[in-house]
Amino acid sequence: MKARFTVFYCITDDQPRGLDIKGYLKLFEPDAQTLTDALLQVAQTSPEITVLKVNSGDYSVVYVVPGKIEGLQCREAYEFLVQREKGLEKVAEDIVGRDSRKSILGGALVLAGISVLFYIGYHYGMASEINNLLLFIGVFLSVFGGILKGYQKKRVRASAPRHRSE
């Protein structure tokens, strides 16, 4: 996958001290739109972006830094390969976390739609055709879902030292 932007996401529990970070944006408990705006702003100057999330008790602080930070110790680390700017919005939603009410509503609508299709199939004797249609739709969405998303997420080693071959 050819990536236009690379977003490194690091979760840590302590403040970044002794790191050479310049030109960063500091956000307190950002929502998805605020983080998207920060990612788009930093993406104008650098194709590599580091998002550092520091959990400090009751709140979290997010640093959005242009470039990759060397020597960063992370509890969890992810790498997002983003193809287009719209993918940065999806990455921000993934980092901040989606609204659970929206997810529950979407799941309920999908289950209601499947129930209606099964009822129609049972009532009119087309259960096998409906099952084949649902199977086709599921396979189609699983194959093309990653392409439509606009980014690819990979879990990377959090705190292991870099090997000389890397």
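Report on the accompanying structure. None of the values given here were measured: they were computed from a predicted structure. (Residues numbered from 1 in each chain as written. Predicted model: local features only at pLDDT ≥ 70, side-chain atom pairs only at ≥ 80, totals over all residues. Heavy atoms only, no water.)

So, about the side chain of threonine 12. Summarising the element assignment, threonine 12 is placed in strand E1 (residues 5-12). Residues within four places of threonine 12 in sequence aside, it is in contact with Leu52, Lys53, Val54, Asn55, Gln73 and Arg75. (Helix = DSSP H or I, 4+ residues; strand = E, 2+ residues; numbered from the N terminus. Contact = heavy atoms within 4.5 Å.)

This part is about a nonpolar patch on the surface. Residues Val116, Tyr119, Ile120, Tyr124 and Met126 make up a contiguous nonpolar surface patch of roughly 520 Å² in combined accessible area. Here tyrosine 124 is to be found in the loop between helix H3 (100-123) and helix H4 (127-149). Among the residues examined, tyrosine 124 registers a relative accessible area of 58% and is labelled exposed. (Patch = residues over 30% accessible without salt bridge, like charges linked within 9 Å, V, L, I, M, F, W, Y side chains within 5 Å. Areas by Shrake-Rupley, 256 points an atom, 1.4 Å probe, with all protein chains shown as cover. Salt bridge = Lys/Arg side-chain N within 4 Å of Asp/Glu carboxyl O. Buried < 20%, exposed > 50% of the residue type's maximum accessible area, 1.4 Å probe, protein only.)

Let us now look at the pattern of salt bridges. Evaluation of the coordinates by the stated rule reveals two salt bridges. In this structure, glutamate 85 engages arginine 4 in a salt bridge whose closest nitrogen and oxygen atoms are separated by 3.6 Å. Of this pair, glutamate 85 sits in helix H2 (residues 85-96) while arginine 4 sits in the segment before E1, and the two are 81 residues apart along the sequence. Since its relative accessible area comes to 44%, glutamate 85 is described here as partly exposed.

Right, let's get into the side chain of threonine 36. With respect to the helices and strands, the residue threonine 36 is situated in helix H1 (residues 32-43). Under the relative-accessibility criterion, threonine 36 is labelled buried at 5%. Setting aside anything within four residues of it in sequence, one finds threonine 36 in contact with Leu88, Glu89 and Ala92.

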